[in-house]
Amino acid sequence: MYSEIIVCLKDSADEVFEKQVNMLKERHHAKVLRMGKDEAADYIKTCASEALFISDDENMLSKAKEAGLATNSPAAMRESYMKAMEMLKTMGVKCDDHLR
């Protein structure tokens, strides 16, 4: 269970990513914190270990891992989402094609 979801992106987020963050927020009853690189670098040094750190910057992901945080990247999240959508389509469930 995550108490916080820390989002630190250099590129802009798309609709799929925002939906995934919102689903994680609801599932874990976590607060979402959006930070720039410098602020996030300082924050991850002292934040709770129950935080999930999401970034598109490999260096920041490494720092978060070193601090003992769970990490993910928007690219990996998107790939996972697309695989799930394909699996649902195979099962005959209608999916949101406009999100592709």
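Residues numbered from 1 in each chain as written. Predicted model: local features only at pLDDT ≥ 70, side-chain atom pairs only at ≥ 80, totals over all residues. Heavy atoms only, no water.

## Observations concerning helix α1 (residues 15-28)
And then number 1: Its 14 residues give α1 an end-to-end C-alpha distance of 20 Å, which sits within 8% of 20 Å, the value for a rise of 1.5 Å per residue.
And then number 2: Of all the positions in α1, only V16, F17, Q20, V21, L24 and H28 are classed as buried. The buried residues of α1 all sit within an arc of 135° when viewed along its axis, so they share a single face.
And then number 3: Along its buried surface, α1 packs onto β1 (4-8), β2 (31-34), β3 (51-55) and α4 (74-90).
And then number 4: The residue sitting at the N-terminus of α1 and contributing the capping side-chain oxygen is D14; that oxygen lies 3.3 Å from the backbone nitrogen of V16.
And then number 5: Downstream of α1 by a residue or two, H29 has a phi angle that is positive, lying close to 50°. (Helix = DSSP H or I, 4+ residues; strand = E, 2+ residues; numbered from the N terminus. Expected span 1.5 Å × (residues − 1). Buried < 20%, exposed > 50% of the residue type's maximum accessible area, 1.4 Å probe, protein only. Arc of directions from axis to C-beta. Contact = heavy atoms within 4.5 Å. Polar contact = N/O pair within 3.5 Å; in protein donor to acceptor, adjacent residues only side chain to side chain.)

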